[in-house]
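Descriptive structure summary
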Amino acid sequence: RERFNETVCLLVFIGLDCVIVDYIQGRETLSLYETRLQSPLHASAAGMLLLRERSDKERRELLGPEPFVPTTPHTATTYEGLAKQVAVLEEHGYA
């Protein structure tokens with residue numbers, strides 16, 4: 001946080017959800033975090049990073065049948081849409 005002025009979250013993956021265990025708020029207050037906030041793997045930054053590291057077969061085993069429940073108008077609801085979002089992560093070099 002001190003170096004990049006960003007919020008830092010400690011989270012765990014439980015089933016198909018990411019759960020925030022703890023966080024340190026960055027200097028900017030644009031984002032809201034609270035402990036125990038849950039979000040589906042396909043609809044969260046941390047979940048997308050986890051899915052990025054999995055093969056298509058593993059993603060299908062983790063997520064099950066489509067359509068996925070959207071949490072925003074930009075949430076991928078199909079494997080095709082998810083693959084496009086993962087490709088953007090890879091293109092930009094996000095770990």
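This text follows the structure it describes.
Residue positions are given per chain, counting from 1 as you read along its sequence in written order. Local features in this predicted model are restricted to residues of pLDDT 70 or higher, and side-chain atom pairs are both shown and tallied only at a pLDDT of 80 or more, whereas totals for entire chains, interfaces and linings draw on every residue. The side-chain figures draw on all heavy atoms in the structure; neither hydrogens nor water molecules are used.

A separate point is the nonpolar core. We call a set of buried residues a nonpolar core when its members are Ala, Val, Leu, Ile, Met, Phe, Trp, Tyr or Cys and they connect through side-chain atoms within 4.5 Å of each other. Buried residues are those whose accessible area, probed at 1.4 Å on protein chains only, stays under 20% of the maximum for their type, while exposed residues exceed 50% and partly exposed ones sit between those limits. Membership of the largest hydrophobic core is limited to 12 residues, which are Cys18, Leu41, Met48, Leu50, Leu51, Leu63, Phe68, Ala76, Tyr79, Leu82, Val86 and Leu89. Secondary structure is summarised from DSSP: a helix means a run of H or I of at least four residues, a strand means a run of E of at least two, and numbering begins at the N terminus for each. Counting only elements with at least two residues in this core, the list comes to helix H1 (45-52) and helix H3 (79-92). Considering each element in turn, this core owes the most residues, four residues, to H3. For leucine 41, the contacting residues outside a window of four places in its chain are Phe13, Gly15, Leu16, Asp17, Cys18, Gly47, Met48, Leu50, Leu51 and Leu63. Two residues qualify as a contact provided that any one of their heavy atoms is within 4.5 Å of a heavy atom in the partner residue.

For the rest of this paragraph, the subject is the side chain of serine 44. Within the secondary structure, serine 44 sits in the loop between strand S3 (38-40) and H1. A distance of 3.4 Å separates a polar side-chain atom of serine 44 from the backbone oxygen of proline 40. Apart from the residues lying within four places of it in its own chain, the contact partners of serine 44 are Cys18 and Ser39. Polar contacts, as counted here, are pairs of nitrogen or oxygen atoms within 3.5 Å of one another; within protein the pair requires one atom able to donate a hydrogen and one able to accept it, and residues that are adjacent in sequence qualify only if both atoms are side-chain atoms.

Where helix H2 (residues 56-63) contacts H3, the axes come no closer than 12 Å and their chain directions differ by 125 degrees. With respect to their mutual orientation, H2 and H3 come out oblique. When you trace H2 past H3, the crossing you get is right-handed. Facing H2, whose interface residues are Arg59, Arg60 and Leu63, H3 presents Tyr79, Leu82 and Val86. Along the lines of polarity and charge, the residues of the contact of H2 with H3 split into four nonpolar, no polar and two charged. Helix axes use the C-alpha atoms of the stretch in contact, all axes being lines fitted to C-alpha atoms, and the angles between their N-to-C directions lie in the range 0 to 180 degrees. Roughly parallel means an angle under 35 degrees; roughly antiparallel means over 145; roughly perpendicular covers 65 to 115; every other angle is labelled oblique. In a left-handed crossing the near helix is turned counterclockwise from the far helix by less than a right angle, and in a right-handed crossing that turn is clockwise. Each residue is assigned to one of three groups, with Ala, Val, Leu, Ile, Met, Phe, Trp, Tyr, Cys and Pro labelled nonpolar, Asp, Glu, Lys and Arg labelled charged, and all others, Gly among them, labelled polar.

On to the environment of histidine 74. Within the secondary structure, histidine 74 is located in the loop between H2 and H3. Each C-alpha atom, one on histidine 74 and one on alanine 43, is 8.9 Å from the other, the two residues being 31 residues apart in sequence.

Salt bridges are defined by distance alone: a side-chain nitrogen of Lys or Arg within 4 Å of a carboxyl oxygen of Asp or Glu. Summed over the entire model, instances satisfying the criterion amount to four salt bridges. Linking aspartate 56 and arginine 60 is a salt bridge whose minimum nitrogen-to-oxygen distance equals 3.0 Å. Remark: arginine 60 and aspartate 56 occur in helix H2; sequence separation between them is four residues, near one turn of the helix.

Honestly, it's all geometry; don't read function into it.
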